Amino acid sequence: MERPGHPGRRAGDERGGAALGRAARLYVLTGIPGSGKSTYARQQLGGCVRVSLDDLRKMMSGLDYHAEYEPMVIAAGKAVLTSLLAQANQMGFDVVLDATNVTRRWRAEAIALARRFGVEPRSVFVDVPYEVAARRNAERGRVVPEEVLRRFHRQLEPPSLDEGFVEVIRVG
Ligand SMILES: Nc1ncnc2c1ncn2[C@@H]1O[C@H](COP(=O)(O)OP(=O)(O)OP(=O)(O)O)[C@@H](O)[C@H]1O
Ligand SMILES: [Mg+2]
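This structure is a prediction, so every number in the text was calculated from the model and none was measured.

Asker: When you look at helix H3 (residues 70–91) in this model, what are you seeing that I'm missing?
Answerer: Helical periodicity: at 3.6 residues per turn, an α-helix aligns residues three or four positions apart in one direction. With 22 residues, H3 extends 30 Å between its outermost C-alpha atoms, agreeing within 8% with the 32 Å of an ideal straight helix rising 1.5 Å per residue. Of all the bends found along H3, the most pronounced is centred on Leu85 and spans about 25°. Val73, Leu81, Leu84, Leu85 and Ala88 are the residues of H3 that are buried. Looking at the buried positions of H3, the neighbouring elements they touch are strand E1 (25–30), strand E2 (49–52), helix H2 (53–61), strand E3 (95–98) and helix H4 (104–116). Gly92 lies just past H3 and shows a positive phi near 80°.

Here is the structure:
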């Protein structure tokens, strides 16, 4: 995979013009909690601008999760994603959407938004067995309840090209 673009790498380009030399990309992560999405984003997509719903949750409520804040978290996530995608080509950066995105319905919104702004949607499917995600989840600082993990696992619809992705990258 070609290295993702980042505005910080445009040293010397003071006009702020299209610096990527190609269409900007939106990497849509998919994976159940604990699968390794944020780790992958940090390690492999470190050059992208990252939109994390978990970080918004923490910012908005001060907690890892608070049910009453969910509608606001989703609204803020959409607003941030929209404004970034609107500028990604002109400013020259790629974006990664770090959220579970386990259903086609969730992904469809992100794909449509990317297309609207001429950004290429690419899927990264963090495809690890349930037991692996459950173990990673149990061993980290922020532990998602097992029942939530099971629910996401049940809902999981593996991403496919027919949803409109340019590419589906499967990692595990
Ligand atoms: N490839 C890997 N090998 C071993 N451990 C990993 C790997 N990827 C992630 N981990 C570990 O697994 C745990 C969960 O990873 P991470 O937080 O990236 O998951 P996530 O998919 O972002 O979860 P969530 O949806 O809850 O945010 C972390 O402790 C991380 O260090
Ligand atoms: Mg994460």
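Asker: Is there a simple way to explain helix H1 (residues 37–44) in this structure?
Answerer: Listed in full, the buried residues belonging to H1 are Lys37, Tyr40 and Ala41. Considered in projection along H1, the buried side chains sweep an arc of 100° and stay on one side of the axis. Within H1, the exposed residues directed more than 90 degrees away from the buried face are Thr39, Arg42 and Gln43. Contact partners of the buried residues in H1: E1, E2, E3, strand E4 (120–126) and strand E5 (167–171).

Asker: Explain the nonpolar core here, please?
Answerer: Within soluble globular proteins, side chains that are nonpolar generally end up buried alongside one another. Leu26, Tyr27, Leu29, Leu85, Val95, Val96 and Leu97 are the most contacted members of the largest nonpolar core, which totals 28 residues. Looking at this core, the elements with two or more residues in it are E1, H1, E2, H3, E3, H4 and E4. In this structure Val95 touches Leu26, Cys48, Val49, Val51, Leu84, Leu85 and Ala88, once residues within four positions along its chain are discounted. Judged by nonpolar contacts, the second largest core, of six residues, contains Val102, Ala133, Val144 and Leu149.

Asker: Explanation requested: the site of ligand 1 in the structure shown.
Answerer: Close contacts around ligand 1 come from 13 residues, with Pro33, Gly36, Ser38, Thr39 and Arg136 the closest. A total of three residues in the shell around ligand 1 trace back to one element, the largest contributor, which is H1. When the residues that make up the shell around ligand 1 are grouped by side-chain class, the tally is two nonpolar, seven polar and four charged.

Asker: How should I be thinking about the pairing of E4 in this particular structure?
Answerer: For a regular strand, the rule is simple: side chains alternate between the two faces of the sheet. Here E4 lies mainly inside the structure; six of its seven residues are buried. Sheet analysis places E1 next to E4, joined by six bridges and oriented parallel. Its bridge partner being in E4, Arg25 is matched across the sheet by Glu120. Here E4 pairs with E5 via five bridges, running parallel.

Asker: In this structure, what is going on with the packing of H3 against H4? I would like to understand it.
Answerer: Packed helices, taken two at a time, are described by the angle their axes make and the gap between the axes. Here H3 crosses H4 at 30°, and the two axes come no closer than 9 Å. It follows from the interaxial angle that H3 and H4 lie roughly parallel. Relative to H4, H3 is oriented so that their crossing is right-handed. Residue-level inspection shows Leu81, Thr82 and Leu85 of H3 in contact with H4, the latter providing Ala110, Leu113 and Ala114. Its residues assigned to classes, the contact of H3 with H4 comprises five nonpolar, one polar and no charged.

Definitions and limits used
Residues numbered from 1 in each chain as written. Chains lettered and ligands numbered in written order. Predicted model: local features only at pLDDT ≥ 70, side-chain atom pairs only at ≥ 80, totals over all residues. Helix = DSSP H or I, 4+ residues; strand = E, 2+ residues; numbered from the N terminus. Expected span 1.5 Å × (residues − 1). Bend = angle between axes of the 7 residues up to and from the residue. Buried ≥ 20, exposed ≤ 12 C-beta atoms within 10 Å, placed from the backbone. Contact = placed C-beta atoms within 7 Å. Arc of directions from axis to C-beta. Core = buried A, V, L, I, M, F, W, Y, C linked by C-beta atoms within 7 Å. Near = placed C-beta within 6 Å. Nonpolar A, V, L, I, M, F, W, Y, C, P; charged D, E, K, R; others polar. Pairing = 2+ DSSP bridges. Axes fitted to C-alpha atoms, helices over the stretch in contact; angles between N-to-C directions. Parallel < 35°, antiparallel > 145°, perpendicular 65-115°, else oblique. Left-handed = near helix turned anticlockwise from the far one by under 90°.

Everything listed here is a matter of coordinates, which is why it stays silent on function.
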